[in-house]
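An overview of the molecular structure
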Amino acid sequence: MSDKRYRVSADIGGTFTDLVFYDQVTGQYKAGKTLTTPKNLSDAVMNGIGAEIKDFSDIDFFVHGTTSGLNAFLERKGARVALMMTKGFRDVYEIARGNRPPMFDMRYRKPEPLLHPCDCFEVDERLLTDGREYRPVDRDSVKAAAEEIRKGDYTSVAVCLINAYENPAHELEVEKLLGEFLPGVPVSLSHRIAHEWREYERTSSTVINAYIAPIVQKYLELLEGRMRDRNFHKNVHIMQSGGGVITAGMAKEIPIQTLMSGPVGGAVGNQTYSRLLGYPNLIGVDMGGTSYDVSMIVDGHPDISNEVYLEGFPILVPMVNIHTIGAGGGSIAWIEAGGLRVGPSSAGAEPGPACYGRGGKNPTITDANVVLGHLDPDGFLGGGMKLDKEAAIEAMRTVAEPLNMTVEELAQGICEIADAKMADAIRQLTIRKGIDPREFVLVAFGGAGPMHACTTADELEIKRVLVPEMPGTFSAWGMLQSDIRQDLSRTYQHSLSKADASEVAEKFDEMMEEAMQLLRRQNITEEQAQFIRSADLRYIGQEYTVRVNFGPGPIDDGAMEQVKKSFHEQHLQIYGFNNPEGEVESVNLRLVGLGVLDKIPKQKAQQLCTETPKPERAQRALFKGVAYTANIYQRENLLPGQTFMGPAIVEELTSTTVVPPNWRVTIDPYNSMMITRED
């Protein structure tokens, strides 16, 4: 074990910044929360760590989920980007695709591009489709473009040359010339962002990387500097969208990998719980102050896509599939056309819900839970923050009176609308893809997730809800369960019946060497490295692909036949049909390089308690308009093996769990709460 004492993770949310500390001396996890500081996100991170650890040299490992890149992208506050394209292809980004995703939406408008045609510059060069050089890079054309870029005050450059995915030589040469003509300006090369075909998608990914690069680089440099000033001299690690971590140095080179950095921690935590408890299929719901994020674990693995759409733009970077809606504890209730609406606007951290007593005047989901008795005003944040119920009631009146409703009727309506929106968010990842959510366990985390988990499960007829230990900081805990991860790909379009197994093996060997070089830069040895090989396959004539893994053995003709067989099986499972006699072709080869890090497993209780727990107190609570007496328990006092029935409220530092009538709570050997519907 290291002589350093702590392993630390930090996850920035819209309202709170969550922290988890693992003490390697005592073997205990500890959660921390501090209000997010929107003006400088690193302030909350430093404040949260400093409240627990005085000497940062005691930190052995630090991982962070950052929202700096995502915020810059969503708020359109990124850099001014210049795009350099092969001569004759400057319109690729503007033309984009001619499809209309919401086919029947009469109000559909294409997303406003991140740059305009006047921001595109041409380079005189050309590679053929097989990567052979047809025309070398013309130095003068690069110099002329650089002069225009300098005059235009551009702060970032994206380079996407035709067929660079087959041969990156010309992009590397352009980068070298730009270093001479535009020193200090960040340059994003398409083959480093997305080493795949499809010109528009590759260009879009590169532009987004360039758009957020200066903001992410500035934030990470600031955070690294502040950590060094506090005597931390190891690598700062950053959570990436595909489910692993990378060093801050790597994240500054390809910041697009950090777009979904925060929410992904919860998916990694879910994967750990899947292995720990033996539940292969989990739906994770993370409800914070601003948003509600849904992810899935299927057959023990996170649901990951290699191409996603964000705000209408395609991104060719592996990302855990996360569906997000504006439904958090701070989501504001309002009136539109005489009807009640909830969200997506949020009260955020400043001023926050009215019950926080910081000047908020709008009714929120949190205020509704206070009015319904689902939150104990004296037990919020483990008793560290007293809620103002009267302020919540006054805020509710501003909406209840125009609707001719009582305050309690409005509060019930707000919660029911929120539950319906949350259930529909889950349907987006399950029912709409042919997956039955009733076959899954719902894992609820985030500060507000366990408050609405059972009522959301009711909407979907899910009968089992799992609330992990320290649910309010679960995403931060999940970050500590991650490994270093590098994703690589190569376009390889061939019919499998004609593909050369030795050529496929050579491609994978090339990627493994590249991945190993990247892992070594992050202090990963060959002994720590693991590799997962896969291919994107489809029937000839299809547009979309299925990702199929190769086995651990050598890639030969037998391995090619096995991967084809696996494709037929997976196609049947996903789409309900297959064609075993049909011709199968590969589109891309993919490699995941993992650097396995030390992780601390949860300890299983050796003895179970059979005594019924005693509530500390009780309070009036409304469920579906009916008043009950709800027992209030402290999570820290509940022991593995204990069980009790709802209605109940379980309080802890990081969250509050609401158990409706007819739901039974059982504390499992890992201190998780399994809540089961009793018909």
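Here, the structure is the one placed above.
Attention here is on the structure that accompanies the text. Not measured: the values here are computed from a predicted model. (Residues numbered from 1 in each chain as written. Predicted model: local features only at pLDDT ≥ 70, side-chain atom pairs only at ≥ 80, totals over all residues. Heavy atoms only, no water.)

1. Details of the nonpolar core
Going by this rule: Remark: nonpolar core denotes a set of buried residues (Ala, Val, Leu, Ile, Met, Phe, Trp, Tyr, Cys) joined through side-chain atoms within 4.5 Å. The buried label applies to any residue whose accessible area, calculated with a 1.4 Å probe on protein chains only, is under 20% of its type's maximum; exposed applies above 50%, and partly exposed to all values in between. Each helix is a run of H or I in the DSSP string that is no shorter than four residues. Each strand is a run of E no shorter than two, and both are numbered from the N terminus. What makes two residues a contact is simply this: any of their non-hydrogen atoms within 4.5 Å.
Among the nonpolar cores identified, the biggest contains 89 residues, and Ile49, Ile59, Phe62, Leu83, Met227, Leu259 and Ile315 are the most heavily contacted of them. The greatest single-element share of this core, amounting to eleven residues, is contributed by helix H7 (residues 199–229). In this view, isoleucine 59 contacts Lys4, Tyr6, Val8, Ile49, Ile53, Met227, Phe232 and Lys234; residues no more than four positions away in its chain are not counted.

2. Things to note about unusual backbone geometry
The omega angle of the peptide bond from glycine 343 to proline 344 is 0°, so this bond is cis rather than trans. Considering the arrangement of structural elements, one finds proline 344 in strand S22 (residues 339–346). Its identity is not glycine, yet asparagine 231 carries a phi of approximately 80°, on the positive side. Note that asparagine 231 resides in the loop between H7 and strand S11 (236–239). Overall, asparagine 231 belongs to the partly exposed group, its relative accessible area being 35%. With phi around 50°, methionine 470 is a residue other than glycine that occupies positive phi space.

3. Considerations on the packing of helix H10 (residues 365–372) against helix H11 (residues 389–400)
Quick note on the threshold: Between N-to-C directions, angles cover 0 to 180 degrees, with each direction set by a line fitted to C-alpha atoms, over the stretch in contact for helices. Roughly parallel here means an angle under 35 degrees, roughly antiparallel means over 145, roughly perpendicular means 65 to 115, and every remaining angle is called oblique. Left-handed is the label given to a crossing in which the near helix is rotated counterclockwise from the far helix by less than a right angle, and right-handed is the label when the rotation is clockwise.
Between H10 and H11, the shortest axis-to-axis distance is 9 Å and the interhelical angle comes to 115°. With respect to each other, H10 and H11 are oriented roughly perpendicular. Note on packing geometry: the crossing formed by H10 with H11 is left-handed. Residues Asp367, Ala368, Val370 and Val371 of H10 touch H11, and the partners they reach there are Lys389, Ala392, Ile393 and Met396.

4. Some thoughts on the side chain of aspartate 18
Topologically, aspartate 18 is positioned in strand S2 (residues 16–23). You can call aspartate 18 buried: its relative accessible area is 9%. Ignoring sequence-local partners within four residues, the contact set of aspartate 18 consists of Ser9, Ala10, Asp11, Gly32, Lys33, Gly472, Thr473 and Ala476.

5. Remarks on the environment of tyrosine 279
Topologically, tyrosine 279 is positioned in the loop between helix H9 (261–277) and strand S13 (282–287). A relative accessible area of 24% means that tyrosine 279 is categorised as partly exposed. Spatially, the C-alpha atoms of tyrosine 279 and glycine 339 are 41 Å apart, while their sequence positions differ by 60 residues.

6. A short note on the packing of aromatic side chains
What counts, and what does not: In this analysis, rings of Phe, Tyr and Trp, with Trp reduced to its six-membered ring, are considered paired at centre separations within 6.5 Å, and the interplanar angle assigns stacked below 30 degrees, edge-to-face beyond 60, and tilted for intermediate values. Lysine NZ or arginine CZ positioned within 6 Å of the ring centre and within 35 degrees of the ring normal marks a charge as sitting over the ring.
Under the criterion given, the structure shown has 15 aromatic pairs. The interplanar angle of 65° and the centroid separation of 6.4 Å between the aromatic rings of tyrosine 29 and tryptophan 477 together place this pair among those described as edge-to-face. Of this pair, tyrosine 29 sits in strand S3 (residues 28–35) while tryptophan 477 sits in helix H14 (residues 474–479); the two residues are 448 residues apart in sequence, bridging distant segments of the chain. Residue classification places tyrosine 29 among the buried positions, given a relative accessible area of 19%. Its relative accessible area of 3% is what places tryptophan 477 among the buried residues. A ring pair is formed by phenylalanine 623 and tyrosine 628, whose centres lie 6.0 Å apart and whose planes are at 70°; its orientation type is edge-to-face. We classify phenylalanine 623 as buried; its relative accessible area is 8%. Aromatic ring contacts, followed pair by pair, group Tyr22, Tyr29, Tyr273, Phe445, Phe474 and Trp477 into a single cluster. Above the face of the tyrosine 154 ring, arginine 80 is positioned so that its terminal group lies 4.2 Å from the ring centre. Above the plane of the ring of phenylalanine 56 lies arginine 230, whose end atom (NZ or CZ) is 4.3 Å from the centre.

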